[in-house]
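Close look at the chain arrangement
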Amino acid sequence: MSESLKPSITYCQQSFAEIINQGQQLLAAFSDSAKLDCKILLAFVLNKETSYLLTWPDKKLAEHEFYAFLALFERRLQGEPIAYITQEREFWSLPFYVSPATLIPRPDTELLVEHILARHLASDLSCLDLGTGTGAIALSLASEQKQWQVHGIDFSDAAISLAKKNAQRLQLPQVELYQSDWFSNVAVDKKFNIIVSNPPYIDEADQHLIAGDVRFEPLSALVARDNGFADIKRIAKDAQGYLTNNGALYFEHGFEQAAGVSDILKQLGYQSIETFKDYGGNDRVTCCIYVQKEE
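Treat the numbers as computed from the prediction; the structure is a model and nothing was measured. (Residues numbered from 1 in each chain as written. Predicted model: local features only at pLDDT ≥ 70, side-chain atom pairs only at ≥ 80, totals over all residues. Heavy atoms only, no water.)

This part takes up the overall build of the protein chain. Helices and strands together make up the secondary structure of the protein chain, namely 10 helices and 11 strands. The buried share among the 295 residues of the protein chain stands at 48%. Across the protein chain, the fraction of contacts at a sequence separation of at least 24, relative to all contacts at a separation of at least 6, is 66%. In the structure as shown, the protein chain presents an accessible area of about 14,600 Å², 48% of it carried by carbon and sulfur atoms. (Helix = DSSP H or I, 4+ residues; strand = E, 2+ residues; numbered from the N terminus. Buried < 20%, exposed > 50% of the residue type's maximum accessible area, 1.4 Å probe, protein only. Contact = heavy atoms within 4.5 Å. Areas by Shrake-Rupley, 256 points an atom, 1.4 Å probe, with all protein chains shown as cover.)

Printed below as a string of structure tokens:
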């Protein structure tokens with residue numbers, strides 16, 4: 001760390017612009033968003049929007065603010081994700097609390113919300129979000145379709161507590177959030193028009209698990225056996241007992257898994273299987289329709 005940003009140094013009066021510039025240089029080696037990272041941390045310490053830093057670039061931090069920023073900046077230098085440091089991440093233009101108990105909501109997951117809303121226009125639908133984490137998918141859908149019956153479940157009690165906190169923050173008390181190991185605690189007679197999941201889909205041996213933000217996130221929400229397909233297979237099979245006739249199933253998956261996911265769905269008899277690309281042009285979301293077999 002440079003002398004001007006060491007937590008052990010005495011307070012020095014630097015402008016917002018100077019702090020952001022120096023911080024950007026130090027973070028640039030491992031962060032693709034080094035300048036934005038600095039702005040977010042600085043704005044967080046000041047309890048201001050990042051636009052405040054642009055409006056007042058020559059303003060200086062008070063001493064207690066200076067040391068608070070240095071403490072957060074050191075955590076970022078160690079690789080800790082910004083979202084875990086600030087305990088917040090925006091998703092679908094909504095503010096979500098996050099914690100190390102859940103995955104950090106990512107922009108590509110907004111594709112699930114986008115495609116579901118575009119394809120399902122009725123106001124009386126029911127939707128189940130499997131592995132809800134922060135509640136990002138379930139609550140985003142509920143924010144757009146307030147008449148839908150939306151359920152969000154997660155194996156982790158800590159995740160459900162956080163999702164409930166987000167539901168309260170976003171004033172969406174109608175969303176039902178509860179602990180369940182996939183369908184284990186879902187009423188056996190419950191039927192959904194839509195089932196959506198961003199399940200664990202990374203292979204246990206994937207080297208990406210020891211790099212970047214992912215190494216700080218819960219492995220249980222990332223890793224699946226069977227080359228990353230175990231949970232997808234289980235959900236796809238069990239979902240047939242909970243989907244209405246012509247109900248839709250949506251998965252987020254790895255960029256190299258589209259063919260494998262499609263094969264799993266075909267083998268189970270799903271129809272109208274389609275895959276959509278993320279904002280980087282990679283296969284990311286696959287959906288299908290469940291048609292009940294005639295007796």
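Moving on, there is more to tell.
Before going further, it helps to examine the sheet that holds strand β5 (residues 176-179). With mixed pairing, seven strands are arranged side by side in an open sheet as β5-β4-β3-β6-β9-β11-β10. Whereas interior strands pair on both sides, the edge strands pair on one side only; in this sheet they are β5 and β10 (271-277). Strand-to-strand twist of the sheet, defined as the mean angle between neighbouring strand axes without regard to direction, takes the value 15°. The sheet contact formed by strand β3 (residues 126-130) and strand β4 (residues 149-154) spans five bridges and is parallel. Residue pairing for β4: Asp-129 is matched across the bridge by Gly-152. Packing of helix α6 (residues 110-119) onto the sheet brings it into contact with β6 (192-197), β9 (243-252), β10 and β11 (283-290), and relative to β9 it is tilted by some 155°. (Pairing = 2+ DSSP bridges. Axes fitted to C-alpha atoms, helices over the stretch in contact; angles between N-to-C directions.)

On to the side chain of Gln-14. Structurally, Gln-14 is set in the segment before α1 (16-27). By relative accessible area, Gln-14 is classed as buried at 9%. Side chain to side chain, Gln-14 and Gln-22 meet in a polar contact 3.2 Å long. (Polar contact = N/O pair within 3.5 Å; in protein donor to acceptor, adjacent residues only side chain to side chain.)

On to the pattern of salt bridges. Tallying each qualifying case throughout the model produces eight salt bridges. Residue Glu-274 is joined to Arg-119 by a salt bridge in which the shortest nitrogen-to-oxygen separation is 2.8 Å. Here the residue Glu-274 occupies a position in strand β10, and Arg-119 occupies one in helix α6, the gap between them amounting to 155 residues. On the basis of relative accessibility, which here comes to 34%, the residue Glu-274 falls in the partly exposed class. Between Arg-234 and Asp-181 there is a salt bridge; the shortest N-O distance is 3.8 Å. Taken together, the positions of Arg-234 in helix α9 (residues 230-239) and Asp-181 in the loop between β5 and β6 put the pair 53 residues apart, joining distant regions of the chain. Linked by salt bridges that have partners in common, Asp-181, Arg-234 and Asp-238 make up one network. (Salt bridge = Lys/Arg side-chain N within 4 Å of Asp/Glu carboxyl O.)

Okay, the side chain of Ser-197 next. Relative to the helices and strands, Ser-197 is located in strand β6. Apart from residues no more than four positions distant in its own chain, Ser-197 is found in contact with Leu-112, Leu-130, Trp-182, Ile-235, Tyr-250, Phe-251 and Glu-252.

Let's shift gears to helix α7 (residues 136-144). Most of α7 is tucked away, with eight of its nine residues classed as buried. Ala-136, Ile-137, Ala-138, Leu-139, Ser-140, Leu-141, Ala-142 and Ser-143 are the residues of α7 that are buried.

Another aspect to go through is the packing of α1 against helix α4 (residues 63-77). Interhelical geometry of α1 versus α4 gives an angle of 20° and a closest axis separation of 11 Å. Judged by the angle between their axes, α1 and α4 are roughly parallel. Between α1 and α4 lies a crossing whose hand is right-handed. Residues Ile-19, Gly-23, Leu-26 and Leu-27 of α1 touch α4, and the partners they reach there are Phe-69, Phe-73, Arg-76 and Leu-77. (Parallel < 35°, antiparallel > 145°, perpendicular 65-115°, else oblique. Left-handed = near helix turned anticlockwise from the far one by under 90°.)

Moving on: helix α10 (residues 258-267). Three or more residues of α10 are buried, namely Ala-258, Val-261, Ser-262, Ile-264 and Leu-265. Mapping the buried residues of α10 onto a view down its axis gives an arc of 160°, with all of them on the same face. Of the residues in α10, the exposed ones pointing more than 90 degrees away from the buried face are Ala-259, Lys-266 and Gln-267. Contacts from the buried residues of α10 go to α9, β9, β10 and β11. (Arc of directions from axis to C-beta.)

Overall, the prediction assigns the protein chain a mean pLDDT of 87, with 86% of residues at 70 or greater. Of the regions scoring below 50 in pLDDT, residues 6-10 engages in 11 contacts with residues more than four places distant in sequence or in other chains. (pLDDT = per-residue confidence, 0-100.)

Before going further, it helps to examine the state of the cysteines. Note: disulfide means a covalent bond formed between the sulfur atoms of two cysteine side chains. In this structure the tally under the stated criterion is zero disulfides. Counting only cysteine sulfurs, Cys-287 is the nearest neighbor of Cys-288, a cysteine outside any disulfide, at a range of 7.0 Å. Residue classification places Cys-288 among the buried positions, given a relative accessible area of 1%. (Disulfide = S-S within 2.5 Å.)

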